[in-house]
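Architecture and fold: a report
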Amino acid sequence: MRLKDLLAGVRPLLCTAELAREISGVSSDSQKIQPGQVFVAITGTQADGKRYIAQAMAQGACCVVCGEVPRDDVPYVLVHSTRQALAIMAQNYFGDPAAAMTLIGVTGTNGKTTTTYLIKHILETTRQAKVGLIGTIQNMVGSCAEDALRTTPDAWQMQRLLRRMADEGCSHVVMEVSSHALALDRVYGLRFAVGVFTNLTQDHLDFHDSMTDYCATKAQLFAQCDTAVYNADDPWHERILQLASVKRLSYGIKTEAALQAQNVKMTAATTVYLAVTEQERVFAETPIPGAFTVYNTLGALAACQALGIPLQESVPALREYRGVKGRMEVVPAFGKDYTVLIDYAHTPDALENMLTAVRGFAKGRVIAVFGCGGDRDRSKRAQMGAIAANKADFVIVTDDNPRTESPQMIREEIIAGIPQTACWQEVAGRAEAIRYALAQARTDDVIVLCGKGHETYQEIGHEKYHLDEREIVAEYLNNNK
């Protein structure tokens, strides 16, 4: 491909590079540059790409795309935004694969993962479609899965993945669209047939200046979609929709909406409700308990409605859905008369919703084991301590992914929010905390391991160490038969 063709749609401010030159690829990592590639000098949160221009050129880069005129005498393309330029170049290089598929994007603080899996399941069940999925846990091409490094890949990896999905026959792609992805232009230039907004609660305030900024970033998705599907019960939905000058489709439980859940009932094994629109009234049932399950299924049903699938076809698919790893996941506890659950709840709202759901079906005590991640929003730690103490009968404060922070300091900030009258215990070391919780369990208790979900590692310092909560539970049960 010629550089001229790679830059189609970029609109350079200034160019000294030879546009007719053939290029072999693009990279924003100077260490991975191969001869004949274009180096994109992106200013990141931890490194400034301009510092690595000389290294990239020494390794064979043919030119640099940058936001400032380089100090070195090198061929360059000056652009307004290096991130947006990278997204356009990636789209050009891989032949705009998204144009051949229907894209569905899901954004929000909580529920993104489950909602994307639900949409994928409904499309596969009702339309026998081959569906690609991009998300927190894994990326999937049909039924073929691979681990995901981040919720939404960078623009280059995104287009590479979309190219693979298109080549392997995917007709639809459903993806989680994080606020980081929107702020960092990872999905810049993509057009979504449907954008879904689940909710907005406190999270990522280490990255965003405020909740208003967080909301504005999320709202960017709806400037890139044809139909905006939104949770009408969430108080942020009006701000979210400010950029959505497109068709809108609401869903909710409490607020009047285009798709509404009525007569909601929950047990330990199921969630049932009546899904109601102006045209249809269909009984819905899913084997996942919790009010958040109602919202997740409503969001998925509404998204599929926007794609032309009526409720009478989509709702029956919910009965066959078996959930997502790390989301209200039941851990086998054979021979024991208590229940162990694993859930990804790592925000105040998610923790409250999950523990409320468990409280609704637990016959015995609710025992919550949780911590908070290091190098993340510190203001939510005390809040989560207060929520856990209010919703659970017994709270065990331990470690999550401390990263570069002191685990003890993180625990202390959580404990600061726990009332003195609450029943709680601090246990350093997550594995030890899980074993401690299991040792306290009585008949009909429900132990909820909160925060790690699908993760099978613990991040300490800059290293990831193996830690699978399922294995810890299994080992304990095997040793205490």
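For the structure, check the block above.
Parameters and conventions
Residues numbered from 1 in each chain as written. Predicted model: local features only at pLDDT ≥ 70, side-chain atom pairs only at ≥ 80, totals over all residues. Heavy atoms only, no water. Helix = DSSP H or I, 4+ residues; strand = E, 2+ residues; numbered from the N terminus. Rg over C-alpha atoms; globule rule 2.2 N^0.38 Å. Contact = heavy atoms within 4.5 Å. Areas by Shrake-Rupley, 256 points an atom, 1.4 Å probe, with all protein chains shown as cover. Lys, Arg positive; Asp, Glu negative; His and termini not counted. Charge placed at Lys NZ, Arg CZ, Asp CG, Glu CD. Phe/Tyr/Trp six-rings, centres within 6.5 Å; stacked < 30°, edge-to-face > 60°. Lys NZ or Arg CZ within 6 Å of the ring centre and 35° of its normal. Salt bridge = Lys/Arg side-chain N within 4 Å of Asp/Glu carboxyl O. 1 Å grid on protein atoms, 1.4 Å probe; cavity = no way out; pocket = protein on both sides within 12 Å on 5 of 7 lines; lining within 4 Å. Points joined across faces, edges and corners; volume = space filled by probe spheres on them. Nonpolar A, V, L, I, M, F, W, Y, C, P; charged D, E, K, R; others polar. Buried < 20%, exposed > 50% of the residue type's maximum accessible area, 1.4 Å probe, protein only. Pairing = 2+ DSSP bridges. Axes fitted to C-alpha atoms, helices over the stretch in contact; angles between N-to-C directions. Parallel < 35°, antiparallel > 145°, perpendicular 65-115°, else oblique. Core = buried A, V, L, I, M, F, W, Y, C linked by side-chain atoms within 4.5 Å.

Looking now at the overall build of the chain. Looking only at helices and strands, the chain features 15 helices and 24 strands. Computed over the C-alpha atoms, the radius of gyration of the chain is 24 Å, within 12% of the 23 Å expected from 2.2 N^0.38 for a compact globule of 481 residues. In terms of overall dimensions, the chain has a C-alpha envelope of 75 × 55 × 40 Å along the principal axes. Look at the contacts in the chain between residues 6 or more apart in sequence, and 65% of them connect residues 24 or more apart. Per element, the accessible surface of the chain, about 20600 Å² overall, is 46% carbon and sulfur. Looking at the chain, you have 48 positive and 55 negative side-chain charges, and the mean spots of the two groups are 2 Å apart.

On to the packing of aromatic side chains. Tallied over the entire structure, the rule returns four aromatic pairs. Following the ring pairs from residue to residue traces out a cluster consisting of Y93, F94 and W156. Between K452 and the ring centre of Y457, over which it is positioned, the NZ or CZ distance is 4.9 Å. For K464, the ring lying beneath its charged end belongs to Y457, and the centroid distance is 4.4 Å.

Bringing the pattern of salt bridges into the picture now. Here the structure, examined in full by the defined rule, presents 22 salt bridges. What you see here is one network of salt bridges that share partners, running through R378, R381, E405 and E413.

In this fold, V395 is placed in strand β20 (residues 394-397). Along the backbone, V395 and F370 are 25 residues apart, and their C-alpha atoms lie at a distance of 7.9 Å.

Size it by volume and the second largest pocket reaches roughly 320 Å³. Residue lining of the second largest pocket: 19 residues in total, with A268, P289, V330, L341 and F361 positioned closest to the centre. Counting residues per element, the ones that place at least two in the lining of the second largest pocket are β17 (329-331) and β18 (339-343). Classifying every residue of the lining of the second largest pocket gives eleven nonpolar, two polar and six charged.

Okay, the pairing of strand β12 (residues 225-231) next. For β12, the tally of buried residues reaches six of seven residues, placing the bulk of the element in the interior. Inspection of the sheet shows strand β11 (residues 192-197) paired to β12 by five bridges, in the parallel sense. Considered in β12, the bridge of F192 is made with C225. Sheet topology note: the β12/strand β13 (residues 247-252) ladder contains five bridges and is parallel. The residue of β13 that forms the bridge with A228 is R248.

Moving on to unusual backbone geometry. One non-glycine residue, N263, lies in positive phi territory at about 55°. Within the secondary structure layout, N263 lies in strand β14 (residues 259-266). Of note, D375 is a non-glycine position whose phi angle comes to about 60°, a positive value. Turning to its location among the elements, D375 is positioned in the loop between β19 (366-370) and α12 (380-391). Judged by relative accessible area, D375 falls into the partly exposed class, the value being 31%.

So, about the packing of helix α11 (residues 348-361) against α12. The geometry of α11 relative to α12 is characterised by a closest axis approach of 9 Å and an angle of 10° between their N-to-C directions. Viewed along their axes, α11 and α12 adopt a mutual orientation that is roughly parallel. Contacts between α11 and α12 involve P348, L351, E352, L355, T356 and R359 from the former and K380, Q383, M384, I387, A388 and K391 from the latter. A breakdown of the residues in the contact of α11 with α12 according to their chemical character gives six nonpolar, two polar and four charged.

Now for the nonpolar core. Within the largest apolar cluster, 40 residues are counted, with the highest numbers of intra-cluster contacts made by I119, Y251, L259, Y273 and L301. Of the residues forming this core, the biggest block, eight residues, is contributed by helix α9 (residues 291-306). Grouped together as the second largest cluster of nonpolar side chains are 33 residues, L162, F192, F197 and L241 included.

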